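Observations on the three-dimensional arrangement
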There are 2 protein chains.
Amino acid sequence: MTTEKIDGVSVTTQANVYFDGKCVSHGITFADGTKKSVGVVLPATLTFNTGAPEIMECVAGSCEYKLAGTDAWVKSSAGEKFSVPGNSKFDIRVTEAYHYICHFG
Amino acid sequence: MTTEKIDGVSVTTQANVYFDGKCVSHGITFADGTKKSVGVVLPATLTFNTGAPEIMECVAGSCEYKLAGTDAWVKSSAGEKFSVPGNSKFDIRVTEAYHYICHFG
């Protein structure tokens, strides 16, 4: 089941634009101060670095990802999640827009 | 003064992707049912059609816009708004990312 909407949040109006727009996200903040982001990766192959650990939840479309230190591309589709350690990186390969929620920590 | 965040809303997790990603937005819904969107237009010259009337509020960056039936390109920067009639269109020319809130109706 996919998360179609997130209630009761504050949204940061200025988007985060990465890789010349191949990834665009908006930050959201919950009442308890928890921060997440909602975003989309357009068709591309990119490498993301993490600070905090991240859980990437797909809400539409799909991607293939490859975590640092692994050789396997793994598919992640709507309703699925994958975890990325902190201070690490992952490759992501997208052929149809990958819509996601990024959960931190 | 720019609107940096919008509180107490529900955000639609799937982005709206227009013009191959030159415009990306996320829909937000207020407690009273009012809908708006927060988005960004990346460097490009595009033509948008309106259904409902729209007020475009710039929160970062800038654009030049030209309403249907006019010949003048008008600049709109952070903190500024412009109105577009319903069932109309406007051209938008962006050289640095134009971050906006779209108010409907």
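For the structure itself, consult the block above.
Everything in this summary refers to the structure shown in the same document. Not measured: the values here are computed from a predicted model. (Residues numbered from 1 in each chain as written. Chains lettered and ligands numbered in written order. Predicted model: local features only at pLDDT ≥ 70, side-chain atom pairs only at ≥ 80, totals over all residues. Heavy atoms only, no water.)

1. Considering the side chain of B:S37
Selection criterion: A run of DSSP states H or I qualifies as a helix once it reaches four residues; a run of E qualifies as a strand once it reaches two. Both are numbered from the N-terminal end. Throughout, a residue-residue contact means that at least one pair of heavy atoms, one from each residue, lies within 4.5 Å.
Within the secondary structure, B:S37 sits in strand β4 (residues 35-41). Beyond its immediate stretch of four places on either side in the chain, B:S37 contacts B:S25, B:H26, B:G27, B:I28, B:Y100, B:I101, B:C102 and B:F104.

2. Looking at the pattern of salt bridges
Residues and elements named next belong to chain A. Our working definition: By salt bridge we mean one thing: a side-chain nitrogen of Lys or Arg within 4 Å of a carboxyl oxygen of Asp or Glu. Burial classes: relative accessible area under 20% of the type maximum marks a residue as buried, over 50% as exposed, and values in between as partly exposed (1.4 Å probe, protein chains only).
Per the counting criterion, the structure on display carries 6 salt bridges over all chains. R93 is the salt-bridge partner of E64, the closest N and O atoms lying 3.1 Å from each other. In this pair, E64 is assigned in strand β7 (residues 62-67) and R93 in strand β10 (residues 89-94), connecting sequence segments 29 residues apart. Given the relative accessible area of 28%, E64 is considered partly exposed. A relative accessible area of 30% means that R93 is categorised as partly exposed.

3. Digging into the side chain of B:D91
All names here are of chain B. Keep this limit in mind: Pairing of N or O atoms within 3.5 Å defines a polar contact, subject to two protein rules: one partner must be a possible hydrogen donor and the other a possible acceptor, and residues neighboring in sequence count only if both atoms are side-chain atoms.
Turning to its location among the elements, D91 is positioned in strand β10 (residues 89-94). Here the side chain of D91 touches T47 through a polar contact of 2.7 Å, side chain to side chain. Ignoring sequence-local partners within four residues, the contact set of D91 consists of L46, T47, E64, Y65, K66 and W73.

4. Digging into the sheet that holds strand β8 (residues 74-77) of chain B
Residue and element names in this part refer to chain B. Using the following cut-off: Pairing between two strands is assigned when DSSP locates at least 2 bridges connecting them. An axis is simply a line fitted to the C-alpha atoms; with a helix, the fit covers only the stretch in contact. Between two such axes, the angle follows the N-to-C directions and lies from 0 to 180 degrees.
With antiparallel pairing, 4 strands are arranged side by side in an open sheet as β5-β10-β7-β8. Because the sheet does not close on itself, it has two edges, and the strands there are β5 (44-49) and β8. Each strand axis lies, on average, 30 degrees off the axis of its neighbour in the sheet, ignoring direction. Relative to β8, strand β7 (residues 62-67) runs antiparallel, the two sharing 4 bridges. Bridge pairing links S62 to S77 in β8.

5. Here's the deal with the pairing of strand β9 (residues 81-84) of chain B
Residue and element names in this part refer to chain B. Where burial is concerned, the two faces of β9 differ: the one with F82 and V84 is buried and the one with K81 and S83 is not. Note: strand β6 (residues 54-60) against β9, 4 bridges, orientation antiparallel. Paired with E57 across the strands is K81, a residue of β9.

6. Focus on the relation of the copies chain B and chain A
Stated formally: Least squares is the method used to superpose the copies, on C-alpha atoms of residues holding a pLDDT of at least 70 in both.
Least-squares fitting of chain B to chain A yields an RMSD of 0.0 Å, with the transformation described by 0.0 Å of translation along the axis and a rotation of 180 degrees. On this basis, the relationship between the two copies can be described by a two-fold rotation axis. Comparing contact sets, 100% of the residues at the interface of chain B also lie at the interface in chain A, consistent with an isologous, same-surface contact.

7. Looking at the pairing of β7(A)
Residue and element names in this part refer to chain A. Between β7 and strand β8 (residues 74-77), which pair antiparallel in sequence order, lie 6 residues; one of them, G69, sits at a positive phi of approximately 85 degrees. Bridge analysis of β7 against β10 gives 4 bridges, and the strand direction is antiparallel. When the bridges of β10 are listed, L67 appears paired with F90.

8. Here we look at unusual backbone geometry
Residue and element names in this part refer to chain A. The phi angle at F19 is positive, at roughly 50 degrees, despite the residue not being glycine. Relative to the helices and strands, F19 resides in the loop between β2 (16-18) and β3 (23-30). Among the residues examined, F19 registers a relative accessible area of 36% and is labelled partly exposed.

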